[in-house]
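# Remarks on the overall topology
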Amino acid sequence: MHFPHRHLLQIEGLHPPEISALLDLAESYVLLNRSGKTQRDLLRGRTLINMFFEDSTRTRTSFELAGKRLGADVLNMAVSTSSVNKGETLLDTAATLNAMQCDLLVVRHDQSGAPHLLAQKVDAAVINAGDGTHEHPTQALLDALTIRRRRGRLEGLVVAICGDVLHSRVARSNIHLLLAMGSRVRVVGPPTLIPAEAAALGVEVFHDMRDGLKDADIVMMLRLQQERMRRGLVPSSREYFRFYGLDFEKLSLAKPDALVMHPGPMNRGVEIDSAVADDPVRSVIKEQVEMGVAVRMAVLDTLSRKTRRND
Ligand code: NCD
């Protein structure tokens, strides 16, 4: 298994064989999960701490499930009731975790770079579960696994990432991963929601959905992240849906078999029409959630190998 890193903090900088190795291992966990079996001896005696300073449903629960299926002791730190609210700094929290001899630390934080800082201070392997507007590496891996299983490859596919790219760590991680694996990436959205550096990253920029979706293989929709917007960057939700919401009419411009993706949580009727989101043929949104568990099992397995006993 070719993965020389101690932590998983970002996709940027990972080499294609390292990404492929994680996806190949995740593939085997998809099969294990579907068979209803577990592998509880793999991380037996290991401690995984989920530390979420921001809301999460699927990411936190899928890390919890992934850890438990591999036999780890999983602890969810309830940050809102912990000493963090009493003013304990991130680094004091890290020292506490070190004293508890935690093996794997999964961190979500509203500040970009927080997991990197923690990684310098804790003995555990740190996994970034989303930091500010920076990266969300396991989301990009699960998206890639979903695409690869459906299309057999990533190379040469046209992937349109649409909507609030500016605030999206999901978009940033996906851009790095997909470009590294040879996909053609487009970002589509209003000028106020496309980061200035987008073109420099090597993606094509579109402000009109009709142009951006034309002949796309994959249409990846993003949530409008109102909570990260300092001022009105978009008009009303209704107006936004009219121009940038994905409905069947706009989807008809993509390839006839184009797949629809969304990392969740969705704002139905804002960035995506319910009928498209729930379409059993075109939408792979539920499959993304399933792949999330397998990818996180692969990441936990890989990062714990370095320190695993009897290895
Ligand atoms: C994303 C996140 O938190 O970055 N959600 C997720 O992890 N599935 C995207 C979002 O919040 O819109």
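Our subject is the structure that appears above.
Predicted model, so just to flag it, every value in this text is computed and none were measured.

Turning next to the environment of L193. Looking at the element boundaries, L193 is found in the loop between β6 (184–188) and β7 (204–206). Each C-alpha atom of the pair L193 and C162 lies 9.8 Å from the other, and the pair is 31 residues apart in sequence. Apart from the residues lying within four places of it in its own chain, the contact partners of L193 are G163, D164, V165, L166, H167, L224, M229, L233, V234 and Y240.

As a further point, take unusual backbone geometry. In this structure, P265 follows G264 across a cis peptide bond, with omega equal to -5°. Positive phi is not limited to glycine here, since Q101 has a value of about 55°. Mapped onto the fold, Q101 is located in the loop between α3 (90–99) and β3 (104–109). Backbone geometry at D215 places phi at a positive 60°, although glycine is not the residue there. Considering the arrangement of structural elements, one finds D215 in the loop between α7 (209–213) and β8 (218–221).

What follows is about the environment of K37. Mapped onto the fold, K37 is located in the loop between α1 (16–35) and β1 (47–52). Assessed through its relative accessible area of 56%, K37 is described here as exposed. Separated by 156 residues in the primary sequence, K37 and L193 have C-alpha atoms spaced 43 Å apart.

Calculation criteria
Residue positions are counted from 1 within each chain, in the order its sequence is given. Residue-level local features of this predicted model are given only where pLDDT is at least 70; pairs of side-chain atoms are given and counted only at 80 or more, and the full residue set underlies all totals for whole chains, interfaces and linings. The basis for every side-chain value is the complete set of heavy atoms in the structure, and neither hydrogens nor water enter the calculation. The secondary structure listing takes helices from DSSP runs of H or I that are at least 4 residues long and strands from runs of E that are at least 2 residues long, numbered from the N terminus. Residues count as neighbours in contact if any of their non-hydrogen atoms are within 4.5 Å of one another. The buried label applies to any residue whose accessible area, calculated with a 1.4 Å probe on protein chains only, is under 20% of its type's maximum; exposed applies above 50%, and partly exposed to all values in between.

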